[in-house]
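# Topology and contacts: notes
Below, each chain spelled out in residue letters.
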Amino acid sequence: MKINLPYSLNLVFWIFYSQVIFPYEITGSKWMSGSTTFYVQIPGASSSGLSWNDAFKSALNEWTQKTVFDFEFVEEYRDPCILDQLNGVAFTSDICGVAYGKNTLAVTMRSYRREILGEPSIVESDIVINNAMNYDVYDGKPRAGRNQAADFRRMALHELGHALGLEHEEAALSIMAPSISEINRLTTDDINAVRALYSGIDNCPKKALVFGQMMAALDKGDCTVSQITGGGADESFIDLYPFSLSAPTTVNFTIESQSLDAVLLISNPLLEINHLDYKTKSGCGSELSADLQPGNYMLLANTFAQKIDPLCDVKGAYTLFSSFESSTIMDLGKTLSTGTSPSKQAKFQGGILISEDFRFTNTQSPGEALNVVAVVNVDPIHINKEGFFIVIAEVGKQILALNSGGEFTQVSNTLAELPKIRSKTLNAIERIDITKDFFPSSRGIEDINVNFYVGYGLYSNVNEIYYHQLPINATISKK
Ligand SMILES: [Zn+2]
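Parameters at a glance
Residues numbered from 1 in each chain as written. Predicted model: local features only at pLDDT ≥ 70, side-chain atom pairs only at ≥ 80, totals over all residues. Helix = DSSP H or I, 4+ residues; strand = E, 2+ residues; numbered from the N terminus. Rg over C-alpha atoms; globule rule 2.2 N^0.38 Å. Contact = placed C-beta atoms within 7 Å. Expected span 1.5 Å × (residues − 1). Buried ≥ 20, exposed ≤ 12 C-beta atoms within 10 Å, placed from the backbone. Arc of directions from axis to C-beta. Pairing = 2+ DSSP bridges. Domains from an automatic or database assignment. Nonpolar A, V, L, I, M, F, W, Y, C, P; charged D, E, K, R; others polar. Axes fitted to C-alpha atoms, helices over the stretch in contact; angles between N-to-C directions. Parallel < 35°, antiparallel > 145°, perpendicular 65-115°, else oblique. Left-handed = near helix turned anticlockwise from the far one by under 90°. Core = buried A, V, L, I, M, F, W, Y, C linked by C-beta atoms within 7 Å. pLDDT = per-residue confidence, 0-100.

### So, the overall build of the protein chain
- Along the protein chain, the regular secondary structure elements total 5 helices and 30 strands.
- Relative to the compact-globule value of 23 Å for 479 residues, the protein chain shows a C-alpha radius of gyration of 29 Å, a clear excess of over 25%.
- Principal axes of the C-alpha set define a box for the protein chain whose edges measure 90 × 60 × 40 Å.
- Within the protein chain, contacts between residues at least 6 apart in sequence are counted, and of these 72% link residues at least 24 apart.

See the structure below:
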């Protein structure tokens, strides 16, 4: 991360046959949502009969249909000179009080909001069209000469490119050329520019967030902030961990590292940051706690664009410790299968049940009774069939399985040899008590990190086990 500019407003002029040169095509400033709504009610029509309104809407639709950006529109007038977070367009005699240049067809005014990661985002784009100029709507070569009508639709297409975040482009064929030309539709370059600006986050790998403990590193080859935000100069590395919550949840994330000067952030899926921490009390790590509402989030493991702390570095290995406490049991990600027919309808949930107040967590102290619970929502097509369950525990590199005697024993890797527990006719919802009133300290366990997996199968096909993507973590430590 790096320090960003404050709020600002800039004007983007499109000058008729001008020599003005702009040195870039995108800056990284964009709409966080990848979409916006224009308020369009432009009275009047061209001499060829098409209304200005329809020509403008046609330009909006072309961007929406051909690129990853979406323009919505509402057929209402909004004053483009008022900063109201609404995008307006109108013919005017000046640029909101400032005279038009003698060759200026139209001006797009963008206003920005500072973002914690990446360049400032666009929060409003208004377009004013010089009413002293002649317009018509037509394809083909622009009619030469200052008194000849310019193509209104082409002008609208160009201004809308500025409205969504594009700058002038002169190195390739583009509607964003600094001067009006015979290009009257979006080109490959325009479509690619929008993709570069808006698809950064899709192009970077995501890591599944596993509560408990994960080893990772920030280093060469990882995505950078400038890649995920589609521009800017922040070349710090970043790891993305999407996660979702179905109930209000307190989360706690800690990075421990010998070298990495870690920054932890929590954002929504659009990279709008809700929480951030960039320093622990000691060392190079980071620690971040947050009370989150149900929804989709990303945990971002980041560092600084430049080395700040002489004892730490902007790359290196780290361990991520994640814990939660929630009033509801945690969803365990995608449902997987060892066979050929993945069971889309089955769903797994799990966690440590905090017995007194029916809350769930993944961390507990060794002296407390440990109750690890899984809830299996059986696929409707499997209900009332004869089935069985298996429970696997992963402790470091050791794989153990729960047997019918309630003990975890070492197993081989073959599916057929896994002990089956609770053979029965399957109900819609099955609760599995993986451990019940187990006191780790009474067995000499003071500090352990276990990942449990639960699966079920049918006796009609014992080689197909349905299970879950994310483990049920139990971290036992004295804190
Ligand atoms: Zn322009």
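Text resumes after the structure shown.
### Description of helix α1 (residues 52-66)
- Its 15 residues place the ends of α1 21 Å apart at the C-alpha level, agreeing with the 21 Å of an ideal helix rising 1.5 Å per residue.
- Within the sequence span of α1, burial applies to Trp52, Ala55, Phe56, Ala59, Leu60 and Trp63. Mapping the buried residues of α1 onto a view down its axis gives an arc of 140°, with all of them on the same face. Opposite the packed face of α1, turned more than 90 degrees from it, sit the exposed residues Asn61 and Gln65.
- Buried residues belonging to α1 abut β2 (35-39), β3 (70-74), β4 (87-92) and α2 (152-164).

### Re the pairing of strand β22 (residues 370-377)
- Relative to β22, strand β19 (residues 347-354) runs antiparallel, the two being bridged by 6 bridges. Each residue of the ladder has a partner; that of glycine 350, found in β22, is alanine 374.
- Two elements, β22 and strand β27 (residues 429-438), share 7 bridges in a ladder whose sense is antiparallel. Of the residues in β27, the one forming a bridge with asparagine 377 is isoleucine 429.

### Describing the domain arrangement of the protein chain
- The domain architecture assigned to the protein chain consists of domain 1 (9-198), domain 2 (202-325) and domain 3 (330-476).
- Put simply, the middle of domain 1 and the middle of domain 2, counted by C-alpha atoms, are 37 Å apart.
- At the interface, 13 residues of domain 1 touch 13 residues of domain 2.
- Along the lines of polarity and charge, the residues of the side of domain 1 that touches domain 2 split into 7 nonpolar, 4 polar and 2 charged.

### Description of helix α3 (residues 188-198)
- Listing the buried residues of α3 in full gives Asp190, Ala193, Val194, Leu197 and Tyr198. Along the long axis of α3, the arc covered by the buried residues comes to 115°, so they all point the same way.

### Looking at the packing of α1 against α2
- Put simply, α1 and α2 touch, their axes get as near as 9 Å, and they point 45° apart. By the angle class used here, α1 and α2 are oblique. The chirality of how α1 crosses α2 is right-handed. Facing Trp52, Ala55, Phe56, Ser58, Ala59, Leu60, Glu62 and Trp63 of α1, the residues of α2 in contact are Phe152, Arg153, Ala156, Leu157, Leu160 and Leu164.
- A breakdown of the residues in the contact of α1 with α2 according to their chemical character gives 11 nonpolar, 1 polar and 2 charged.

### Focus: the sheet that holds strand β15 (residues 295-302)
- Ordered by their spatial adjacency, 4 strands build an open sheet running β10-β15-β12-β13, and the pairing between neighbours is antiparallel. The open sheet is flanked by β10 (238-245) and β13 (273-277), the only strands paired with a single partner. Across this sheet, the average inter-strand angle for adjacent strands is 20°, counted without regard to direction.
- Pairing geometry for β10 and β15, over 8 bridges, is antiparallel. Each bridged residue has a counterpart across the sheet, and for leucine 245 the counterpart in β15 is glycine 295.

### A look at the nonpolar core
- Judged by nonpolar contacts, the single largest core of 71 residues is most densely connected at Leu299, Ala301, Val391, Phe452 and Val454.
- Composition of this core by domain shows at least three residues from each of domain 2 (202-325) and domain 3 (330-476).
- Dropping the residues within four chain positions of it, valine 454 is found in contact with Phe348, Gly350, Ala374, Val376, Phe389, Val391, Ile432 and Tyr467.
- Counting residues in hydrophobic clusters, the runner-up holds 41 residues, among them Phe38, Ala59, Ile122 and Leu160.

### Side note on the confidence of the model for the protein chain
- Here the protein chain averages 87 in pLDDT, and 92% of its residues register 70 or above.
- Element-level mean pLDDT values for the protein chain span from 45 in strand β1 (residues 9-15) up to 98 in β2.
- Taken as a whole, residues 13-24 scores under 50 in pLDDT and shows 29 contacts with residues more than four places along the chain or in a different chain.

### With respect to the environment of asparagine 427
- Its location among the elements puts asparagine 427 in the loop between β26 (421-425) and β27.
- With 180 residues separating them in the primary sequence, asparagine 427 and alanine 247 have C-alpha atoms 25 Å apart.
- Dropping the residues within four chain positions of it, asparagine 427 is found in contact with Val378 and Ile383.

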